[in-house]
Amino acid sequence: KQWYQRRVRAANEETREAAKNAAKFAHEEGSSITRLALQFSTSDPRIPCTLVGSETRTQLLENIQVLNEEPRRDEQILINTIREKFFVGSHSWEGVGEEKFWTKVKNEMDKATSVYWKMQNATA
């Protein structure tokens, strides 16, 4: 549960709620949202790259196993059900965090520029 809470912080509230409900639904159906997400993202030709993170060796081995398996028909149905039930509309993580990154870069550049000009004025 902890990894899930850390990962979804960047998304908007509506998307976080949809992800939480989708994970609960997947669990109730006897699967995991991680398994289904990996299967979806690696089988959808519109997604050119899937980045997989694991905090433990066990998670890594589970993820590798999922990636080496073809989704079963019932899992494909479950993936489609979750997409239709929880992610209709504009739920996306795309660009989330990007604004924060560039704001941080700008702030650091502003600080560096300020230090530079202070040093220039001190030696003038």
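The coordinates are above.
Scope of this entry: the structure provided in the associated data block. Quantities reported herein were computed from a predicted structural model and do not represent experimental measurements.

## Quick look at the overall build of the chain
So, point 1. Along the chain, the regular secondary structure elements total six helices and zero strands.
So, point 2. By the burial criterion, 21% of the 124 residues in the chain qualify as buried.
So, point 3. Sequence separation of at least 24 residues holds for 68% of the intrachain contacts in the chain that already meet a minimum separation of 6.

## Observations regarding the packing of helix α2 (residues 13–28) against helix α5 (residues 73–86)
So, point 1. The N-to-C vectors of α2 and α5 enclose an angle of 145°; their axes lie 10 Å apart at closest approach. You can see that α2 and α5 cross each other, and the crossing is right-handed. Where α2 approaches α5, its residues A18, N21, A22, F25 and A26 are matched on the opposing element by L78, T81, I82, K85 and F86.
So, point 2. Of the residues contributing to the contact of α2 with α5, the split by class is seven nonpolar, two polar and one charged.

## Overview of the packing of helix α3 (residues 33–43) against α5
So, point 1. It is at 10 Å that the axes of α3 and α5 come closest, and there the two elements cross at 95°. Taken together, the axes of α3 and α5 are roughly perpendicular relative to one another. For the pair formed by α3 and α5, the contact residues are I33, R35, L36, Q39 and F40 on the first element and E75, L78, I79, I82 and R83 on the second.
So, point 2. Here the contact of α3 with α5 is built from residues that sort into six nonpolar, one polar and three charged.

The rules behind these values
- Residues numbered from 1 in each chain as written.
- Predicted model: local features only at pLDDT ≥ 70, side-chain atom pairs only at ≥ 80, totals over all residues.
- Heavy atoms only, no water.
- Helix = DSSP H or I, 4+ residues; strand = E, 2+ residues; numbered from the N terminus.
- Buried < 20%, exposed > 50% of the residue type's maximum accessible area, 1.4 Å probe, protein only.
- Contact = heavy atoms within 4.5 Å.
- Axes fitted to C-alpha atoms, helices over the stretch in contact; angles between N-to-C directions.
- Left-handed = near helix turned anticlockwise from the far one by under 90°.
- Nonpolar A, V, L, I, M, F, W, Y, C, P; charged D, E, K, R; others polar.
- Parallel < 35°, antiparallel > 145°, perpendicular 65-115°, else oblique.

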